[in-house]
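Residue-level listing of the chains:
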Amino acid sequence: MESVQPLIGQSIRRVEDARLVTGRGRYVDDLQLPGTLSMAVVRCPFPKAKILSIDLSAARQAPGVAKIITGDDVAHLGDVFAMRVPGAQVPPHPPLAR
């Protein structure tokens, strides 16, 4: 059987560092594929705030905006997966706040 060197506590030479620290690294965000859209998620800065209304008029008129999705648009999807623990009370987990 071949001997395997343990990695814990060992210095390991990284081969990607030079290109990353010199700005020559490539990232998924660097890819520009035709027809690809970007997405922005706007979050409320106030914890436990109750959303009374959302004015989307400025966002709808902004250049380059292809689609705006709110919690009402995805309510029919139901809750997203949350780890279930037997006997635990798990609050609803909608995909987006409503």
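Residues numbered from 1 in each chain as written. Predicted model: local features only at pLDDT ≥ 70, side-chain atom pairs only at ≥ 80, totals over all residues. Heavy atoms only, no water.

Asks: Looking at this structure, I do not really get unusual backbone geometry. What am I missing?
Replies: Most peptide bonds take the trans form, and the phi angle of most residues other than glycine is negative. Its identity as a non-glycine residue notwithstanding, Lys-48 has a phi of 60°, on the positive side. Residue placement: Lys-48 occurs in the loop between helix 1 (17–21) and helix 2 (57–61). (Helix = DSSP H or I, 4+ residues; strand = E, 2+ residues; numbered from the N terminus.)

Asks: What exactly am I supposed to notice about the pattern of salt bridges here?
Replies: One side chain can pair with another of opposite charge once the charged atoms of both are near each other. Throughout the structure, instances matching the rule amount to two salt bridges. We note a salt bridge from Arg-14 to Glu-16, for which the minimum N-O separation is 3.2 Å. Overall, the relative accessible area of 25% leaves Glu-16 in the partly exposed class. Two residues, Asp-17 and Arg-14, come together in a salt bridge whose shortest N-O distance is 2.9 Å. Judged by relative accessible area, Asp-17 falls into the partly exposed class, the value being 30%. Through salt bridges with shared partners, one network takes in Arg-14, Glu-16 and Asp-17. (Salt bridge = Lys/Arg side-chain N within 4 Å of Asp/Glu carboxyl O. Buried < 20%, exposed > 50% of the residue type's maximum accessible area, 1.4 Å probe, protein only.)

Asks: Teacher, can you tell me more about the layout of surface pockets here?
Replies: One number sums up the size of the largest pocket: a volume of about 1,300 Å³. Taken together, 32 residues form the lining of the largest pocket, with Ala-40, Val-41, Val-42, Ile-69 and Leu-96 sitting closest to its centre. Tallied by class, the residues present in the lining of the largest pocket amount to 21 nonpolar, five polar and six charged. (1 Å grid on protein atoms, 1.4 Å probe; cavity = no way out; pocket = protein on both sides within 12 Å on 5 of 7 lines; lining within 4 Å. Points joined across faces, edges and corners; volume = space filled by probe spheres on them. Nonpolar A, V, L, I, M, F, W, Y, C, P; charged D, E, K, R; others polar.)

Asks: Is there a simple way to think about a nonpolar patch on the surface in this case?
Replies: A contiguous nonpolar surface patch, about 310 Å² in accessible area, is contributed by Leu-20, Val-21 and Tyr-27. Within the secondary structure, Val-21 sits in helix 1. Judged by its relative accessible area of 71%, Val-21 falls in the exposed class. (Patch = residues over 30% accessible without salt bridge, like charges linked within 9 Å, V, L, I, M, F, W, Y side chains within 5 Å. Areas by Shrake-Rupley, 256 points an atom, 1.4 Å probe, with all protein chains shown as cover.)

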